[in-house]
Amino acid sequence: MQPPPASATVRVRRADNSDLDDLVALEQRSFDSDHLSRAQYRRHLDSTSARVLVASANHRHFLGTAVLFFRKGSAIARLYSLATQPAARGKGVGSALLQAAIRTAAGRGCRALRLEVRTDNASAIRLYEQLEFRRIGQLPQYYQDGSDGWRYERTLTPADGDSQR
Ligand SMILES: CC(C)(COP(=O)(O)OP(=O)(O)OC[C@H]1O[C@@H](n2cnc3c(N)ncnc32)[C@H](O)[C@@H]1OP(=O)(O)O)[C@@H](O)C(=O)NCCC(=O)NCCS
C-alpha cells in the first residue's frame, strides 16, 4: 500500500459495513492481543454506545481507525483503539483520528476522554501527550500478555466538540 503524500488532506468519517474487512485486517496487524473480532466490529458499527471512525486521504479509502466507547450516564468517553496502516504512519493520520475522536466525544457532551496504552508504546504516548492527554494512572499487568499499561485522560470542553459527528 502506498502511503499518503505529505500534502494529502486526511478526512475522517464514520465507518460502515464496507469497512469491515479493512478494520479486521488492521486490528490483526496492529495489536498482539485483545483483538476486536469482526462480529464485535459489526455490533459497534450499529451501536449508540460506540463510534468507529475511519481515516482516508485522496483515493486511499482506509488509512486507519479509532474506536470510541460511551456509557449511558457517564460523561467519560473511552478511546478503545487507535491504529493506522503501517505504510501510512508518521504522516498525521493518527493525529487526525485522535482529533476527530476528541471532537466526537466532546460533541456528545462528554467532559473527558480516557484511554489505556502500553508503557512501551512510545509513538502512541507521544501522540497522546501532543494532544494534551495527561497520565492519570498505572495499570500493572493490564494486557492479556502481562504487559503494563498507563491510563491517560484528556479534559474536554464544549469548544472541542463537533455536533456534526
Ligand atoms: C500510534 C499510531 C496510531 C500513530 O499513528 P500515526 O499515523 O503514525 O500518527 P501521526 O503520523 O499523526 O504521528 C506520528 C508522528 O508523525 C509526525 N507527523 C505528523 N504529521 C506529519 C506529517 N504531515 N509529516 C511527517 N510527520 C508527521 C508526528 O509529529 C509524530 O511524530 P513523533 O511521534 O516523532 O512526535 C500508529 O503508530 C499505530 O497504529 N501503531 C500501532 C497500533 C498502536 O499502537 N495504537 C495505539 C494503541 S494505544
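The preceding data block contains the structure.
All values reported here derive from a predicted model rather than from experimental measurement. (Residues numbered from 1 in each chain as written. Predicted model: local features only at pLDDT ≥ 70, side-chain atom pairs only at ≥ 80, totals over all residues.)

*Asks:* Break down the overall build of the chain for me, with residues and values.
*Replies:* For the chain, the helix and strand inventory stands at four helices and seven strands. For 165 residues, the compact-globule estimate of 2.2 N^0.38 gives 15 Å, and the C-alpha radius of gyration of the chain, at 15 Å, lies within 12% of that figure. Seen through its principal axes, the chain has C-alpha atoms that stretch 40 × 35 × 35 Å. Counting over 165 residues, the chain shows a buried share of 32%. Intrachain contacts of the chain at a sequence separation of at least 6 include 61% that bridge at least 24 residues. (Helix = DSSP H or I, 4+ residues; strand = E, 2+ residues; numbered from the N terminus. Rg over C-alpha atoms; globule rule 2.2 N^0.38 Å. Buried ≥ 20, exposed ≤ 12 C-beta atoms within 10 Å, placed from the backbone. Contact = placed C-beta atoms within 7 Å.)

*Asks:* I'd like to hear about the environment of L127, residue by residue, with values.
*Replies:* Structurally, L127 is set in helix α4 (residues 122-130). The exposure class of L127 is partly exposed, given the 17 C-beta atoms found within 10 Å. Each C-alpha atom of the pair L127 and G92 lies 9.7 Å from the other, and the pair is 35 residues apart in sequence. Other than its neighbours up to four places away in sequence, L127 contacts G94, S95 and L98.

*Asks:* Can you tell me about the pairing of strand β6 (residues 134-139), naming the residues and giving the values?
*Replies:* Buried residues are scarce in β6, accounting for zero of its six residues. Relative to strand β7 (residues 149-155), β6 is paired through five bridges, and the arrangement is antiparallel. Across the sheet, residue Q138 finds its bridge partner in β7, namely W150. (Pairing = 2+ DSSP bridges.)

*Asks:* I'd like to hear about the sheet that holds strand β2 (residues 50-57), residue by residue, with values.
*Replies:* The strand order β1-β2-β3-β4-β5-β7-β6 describes an open sheet built from seven strands, whose pairing is mixed. Both edges of this open sheet fall to β1 (10-14) and β6, since each of them pairs with a single strand only. Averaged over all pairs of adjacent strands, the angle between strand axes in this sheet comes to 30°, irrespective of strand direction. (Axes fitted to C-alpha atoms, helices over the stretch in contact; angles between N-to-C directions.)

*Asks:* Run through helix α1 (residues 20-30), naming residues and quoting values.
*Replies:* Looking only at α1, the buried set comprises L23, L26 and E27. In a view along the axis of α1, the buried residues occupy a sector of 105°, so they form one face of it. For α1, the exposed residues set more than 90 degrees away from the buried face come down to D21, A25, Q28 and R29. Contacts made by the buried residues of α1 are with α2 (38-46), β3 (60-69) and β4 (76-84). (Arc of directions from axis to C-beta.)

*Asks:* Tell me about the nonpolar core, residues and numbers included.
*Replies:* If you look at soluble globular proteins, the nonpolar side chains tend to sit buried side by side. In this structure, L53, A66, L97, A101 and A105 are the most contacted members of the largest nonpolar core, which totals 38 residues. Those elements that place two or more of their residues in this core are β1, α1, β2, β3, β4, α3 (93-107) and β5 (112-118). At nine residues, the largest contribution of residues to this core is made by α3. (Core = buried A, V, L, I, M, F, W, Y, C linked by C-beta atoms within 7 Å.)

*Asks:* Tell me about the site of the ligand, and name the residues and values.
*Replies:* In the region of the ligand, 18 residues are neighbours, and T84, R89, G92, G94 and S95 sit closest. When its residues are assigned to classes, the shell around the ligand shows seven nonpolar, eight polar and three charged. (Near = placed C-beta within 6 Å. Nonpolar A, V, L, I, M, F, W, Y, C, P; charged D, E, K, R; others polar.)

*Asks:* Talk me through unusual backbone geometry; I want residue IDs and the actual numbers.
*Replies:* Of note, the phi angle at E132 is positive, near 75°, even though the residue is not glycine. One non-glycine residue with positive phi stands out, namely Q141, at about 50°. Inspection of the secondary structure puts Q141 in the loop between β6 and β7. Since 10 C-beta atoms lie within 10 Å of it, Q141 is described here as exposed.

*Asks:* Which residues make up the environment of S47, and what are the values?
*Replies:* Of note, S47 is situated in the loop between α2 and β2. Given 12 C-beta atoms within 10 Å, S47 falls into the exposed group. Sequence-wise, S47 and F69 are 22 residues apart; in three dimensions their C-alpha atoms are separated by 9.5 Å.

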